[in-house]
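Fold and contact review
Each chain, letter by letter, is given below.
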Amino acid sequence: EQQKLFVRFAQGSEQTYHEYGGSGLGLFICKSLVDLMSGTIKVSSTKGVGSEFTFTASCPVAEGDARISSPLVTVRSPILQPDGHRTVPRTLLIVEDNPINQKVLKRQLERYGHTCKIANNGLEGIQSIEESCPDLVFMDIVMPVCDGMEATKYIRASEVGGGTTKRLPIVGLSGNVRR
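A few points on the structure.

Scoring rules and cut-offs
- Residues numbered from 1 in each chain as written.
- Predicted model: local features only at pLDDT ≥ 70, side-chain atom pairs only at ≥ 80, totals over all residues.
- Heavy atoms only, no water.
- Salt bridge = Lys/Arg side-chain N within 4 Å of Asp/Glu carboxyl O.
- Helix = DSSP H or I, 4+ residues; strand = E, 2+ residues; numbered from the N terminus.
- Buried < 20%, exposed > 50% of the residue type's maximum accessible area, 1.4 Å probe, protein only.
- Core = buried A, V, L, I, M, F, W, Y, C linked by side-chain atoms within 4.5 Å.
- Contact = heavy atoms within 4.5 Å.
- Polar contact = N/O pair within 3.5 Å; in protein donor to acceptor, adjacent residues only side chain to side chain.
- Expected span 1.5 Å × (residues − 1).
- Arc of directions from axis to C-beta.

This brings us to the pattern of salt bridges. This model, assessed by the stated rule, comprises five salt bridges. As a salt-bridge pair, Glu-131 and Lys-117 come within 3.7 Å of each other at their nearest N and O atoms. Residue Glu-131 is found in helix H4 (residues 122-131), and its partner Lys-117 is found in strand E5 (residues 115-119); the two are separated by 14 residues along the sequence. In this structure, the salt-bridge partner of Glu-150 is Lys-153, at a minimum N-O distance of 3.5 Å. You can see Glu-150 and its partner Lys-153 sitting in helix H5 (residues 148-161), three residues apart, about one turn around the helix. For Glu-150, a relative accessible area of 43% puts it in the partly exposed group. Lys-153 gets classed as exposed once you look at its relative accessible area, which sits at 53%.

Structure (structure tokens):
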């Protein structure tokens, strides 16, 4: 079953589709993105218990205003170092309009000792960042009121306008598959 997980339109088994639904594209898209970033993605699974997915990716810093500098970042997920030790607990902001996605992501991140705050749309996310700057933001891309792209543009413009050299890490999220 694990061999099928990263194949387009495939799922672990017929029962998986009937029980959970889905198109069989999610992990294929994840693998494609990780491959584009010269990374690796792996799964460790115990039947009836659950699965853990980990990935590595090398992400160069985007070109932009010279006042903002950030080193090349390598991300490892779940929030564990290669030797299995947890990272330092961080304050994270989840900007997501779907209550189920909020709950799942928050629960997963809190398991690793992180403190999570929730914002329901990009506008609430911007306000939350202005009140107390988190260490990292998980930003849904498609939301009502103010979407993730607009909120991120505003945040980046505020960083440049404020003359800061610290760039807030923002991880874009989407469950929206389009043809």
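Within the largest apolar cluster, 13 residues are counted, with the highest numbers of intra-cluster contacts made by Val-95, Val-137, Met-139 and Ile-155. Within the residue set of this core, elements represented by two or more residues are strand E4 (91-95), H4, strand E6 (136-140) and H5. Dropping the residues within four chain positions of it, Ile-155 is found in contact with Ile-126, Ile-129, Met-139, Leu-168 and Ile-170. Listed in part, the seven residues of the second largest apolar core include Ile-94, Leu-105, Cys-116 and Phe-138.

Positionally, Gln-102 belongs in helix H3 (residues 99-110). Separated by 2.5 Å, the side chain of Gln-102 and the backbone oxygen of Glu-96 make a polar contact. Filtering out sequence-adjacent residues up to four positions away, Gln-102 remains in contact with Ile-94, Glu-96, Asp-97, Ile-118, Ala-119 and Asn-120.

This part is about H3. Between its first and last C-alpha atoms H3 spans 16 Å; for twelve residues at 1.5 Å apiece the expected length is 16 Å, and the two agree. Within H3, the full set of buried residues consists of Gln-102, Leu-105 and Leu-109. The arc that holds the buried residues of H3, viewed along the axis, is 80°, so those residues lie on one side. Opposite the buried face of H3, by more than 90 degrees, sit the exposed residues Pro-99, Ile-100, Lys-103 and Arg-107. Residues of H3 that are buried make contact with E4, E5, E6 and strand E7 (170-173). Put simply, Asn-98 is the residue that caps the front of H3, since its side-chain oxygen is 2.8 Å from the backbone nitrogen of Ile-100.

These figures capture arrangement, not role.
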